[in-house]
Amino acid sequence: MQRSGILRSNKPIRQVSPLRKERLKEYAVKRELYLRQHPVCECCTSKPSVEIHHTRGRENERLVDEADWMAVCRPCHQWIETNRTEAYERGYLRSRHRGH
């Protein structure tokens, strides 16, 4: 249904599981520390880092796995997400399966 330019859905908003809620709390703490430890974008190395890029995605335990994180500026994060083939080639995106 659309009313006054706003698209509305009758679907209820999905609840966050208790496990995901705990991971999100852990992520918030680790994220702030990681950004303080990596103040410069790990992609362009010229701008302040303000976001965490998850090279293998954010599902399940990957949300809090710092081994797959990159501290990035917003323009670089947008570039990674819109230029996925080149981002894979440069190592900014990696397979979600550990052996690949």
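Criteria and thresholds
- Residues numbered from 1 in each chain as written.
- Predicted model: local features only at pLDDT ≥ 70, side-chain atom pairs only at ≥ 80, totals over all residues.
- Heavy atoms only, no water.
- Helix = DSSP H or I, 4+ residues; strand = E, 2+ residues; numbered from the N terminus.
- Buried < 20%, exposed > 50% of the residue type's maximum accessible area, 1.4 Å probe, protein only.
- Contact = heavy atoms within 4.5 Å.
- Pairing = 2+ DSSP bridges.
- Phe/Tyr/Trp six-rings, centres within 6.5 Å; stacked < 30°, edge-to-face > 60°.
- Expected span 1.5 Å × (residues − 1).
- Arc of directions from axis to C-beta.

Peer 1: Go over the side chain of Arg62, please, and point to the residues and values.
Peer 2: Position of Arg62 among the secondary structure elements: in the loop between β3 (51-54) and β4 (69-72). The class for Arg62 is buried, based on a relative accessible area of 17%. Apart from the residues within four sequence positions on either side, Arg62 is in contact with His54, Arg56, Gly57, Trp69 and Arg96.

Peer 1: Describe the pairing of β3, listing the residues and the values that go with them.
Peer 2: Here β3 shows no split at all, with Glu51 and His53 on one side and Ile52 and His54 on the other all buried. Bridge count between β3 and β4: four bridges; the pairing is antiparallel. For Glu51, the partnering residue across the bridge sits in β4 and is Val72.

Peer 1: Would you mind going over the packing of aromatic side chains in detail, with residue names and values included?
Peer 2: Two measures describe an aromatic ring pair: the distance that separates the ring centres and the angle between the ring planes. All told, the structure shown has three aromatic pairs when counted by the stated rule. Taking the centre distance of 5.5 Å and the plane angle of 85° together, the rings of Tyr27 and Trp69 count as edge-to-face. One end of the pair, Tyr27, is in helix α1 (residues 18-37); the other, Trp69, is in strand β4, and 42 residues separate them in sequence. Each member of the pair, Tyr27 together with Trp69, is buried. Note on Tyr34 and Trp69: the rings are 5.2 Å apart at their centroids and 80° apart in plane angle, and the pair reads as edge-to-face.

Peer 1: Before we move on, could you go through α1 and cite the residues and values that matter?
Peer 2: Along its 20 residues, α1 runs 29 Å from first to last C-alpha, staying within 8% of the 28 Å computed at 1.5 Å per residue. Arg23, Tyr27, Tyr34 and Leu35 are the residues of α1 that are buried. All buried residues of α1 project into a common sector of 85° when viewed along the axis, lining one side. Those residues of α1 that are exposed and aimed more than 90 degrees away from the buried face are Pro18, Lys25, Val29 and Arg36. Against the buried residues of α1 lie β3 and β4.

Peer 1: I'd like a rundown of the environment of Ser95, residues and numbers included.
Peer 2: Considering the arrangement of structural elements, one finds Ser95 in the segment after α3 (84-90). Residue classification places Ser95 among the partly exposed residues on the basis of a relative accessible area of 21%. Between the C-alpha atoms of Ser95 and Leu33, which are 62 residues apart in sequence, the distance is 26 Å.

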